[in-house]
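In case you want the letters, here they are:
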Amino acid sequence: VIQDEETGFLVPINNQKQTVDKIVGLLKDKKLSIKLGDKARGFVKESFDGDVQTKKILKLWQSLSF
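Residues numbered from 1 in each chain as written. Predicted model: local features only at pLDDT ≥ 70, side-chain atom pairs only at ≥ 80, totals over all residues. Heavy atoms only, no water.

Caption draft 1: A look at the overall build of the chain. Along its length, the chain carries three helices and zero strands. Traced from its N-terminal end to its C-terminal end, the chain shows the element sequence α-α-α. For a compact globule of 66 residues, the expected C-alpha radius of gyration is about 11 Å, and the chain comes in at 17 Å, more than 25% above that figure. For the C-alpha atoms alone, the extent of the chain along its principal axes is close to 55 × 25 × 15 Å. Sorting the 66 residues of the chain into buried and exposed places 6% on the buried side. Of the contacts formed within the chain by residues at least 6 apart in sequence, a portion of 38% connects residues at least 24 apart. A total of about 5,800 Å² of accessible surface is found on the chain, and carbon and sulfur atoms cover 61% of it. (Helix = DSSP H or I, 4+ residues; strand = E, 2+ residues; numbered from the N terminus. Rg over C-alpha atoms; globule rule 2.2 N^0.38 Å. Buried < 20%, exposed > 50% of the residue type's maximum accessible area, 1.4 Å probe, protein only. Contact = heavy atoms within 4.5 Å. Areas by Shrake-Rupley, 256 points an atom, 1.4 Å probe, with all protein chains shown as cover.)

Caption draft 2: Inspection of the environment of Gly 50 at higher detail. As for its placement among the helices and strands, Gly 50 is situated in helix H3 (residues 50-64). Overall, Gly 50 belongs to the partly exposed group, its relative accessible area being 42%.

Caption draft 3: Up close: the packing of helix H2 (residues 30-48) against H3. Running from N to C, H2 and H3 cross one another at 50°; their axes reach a closest spacing of 6 Å. Taken together, the axes of H2 and H3 lie oblique to each other. Facing H2, whose interface residues are Lys 45, Glu 46, Ser 47 and Phe 48, H3 presents Gly 50, Val 52, Gln 53 and Lys 56. (Axes fitted to C-alpha atoms, helices over the stretch in contact; angles between N-to-C directions. Parallel < 35°, antiparallel > 145°, perpendicular 65-115°, else oblique.)

Pasting the structure below:
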């Protein structure tokens with residue numbers, strides 16, 4: 001779900017320094033945290049929302065019908 005530097009940050013497992021650095025960076029940069037949060041919310045809605053998925057499936061079925 002996380003797209004590095006698009007919807008959040010990926011850090012190596014057990015790398016506490018990098019994890020802390022990313023969290024502190026987000027706390028200091030409100031615009032970046034809002035941007036990442038908005039993109040993440042949009043990605044999840046588009047990828048996992050039941051209504052959106054139903055519409056995509058119906059559109060696919062319609063395109064396959066003769």
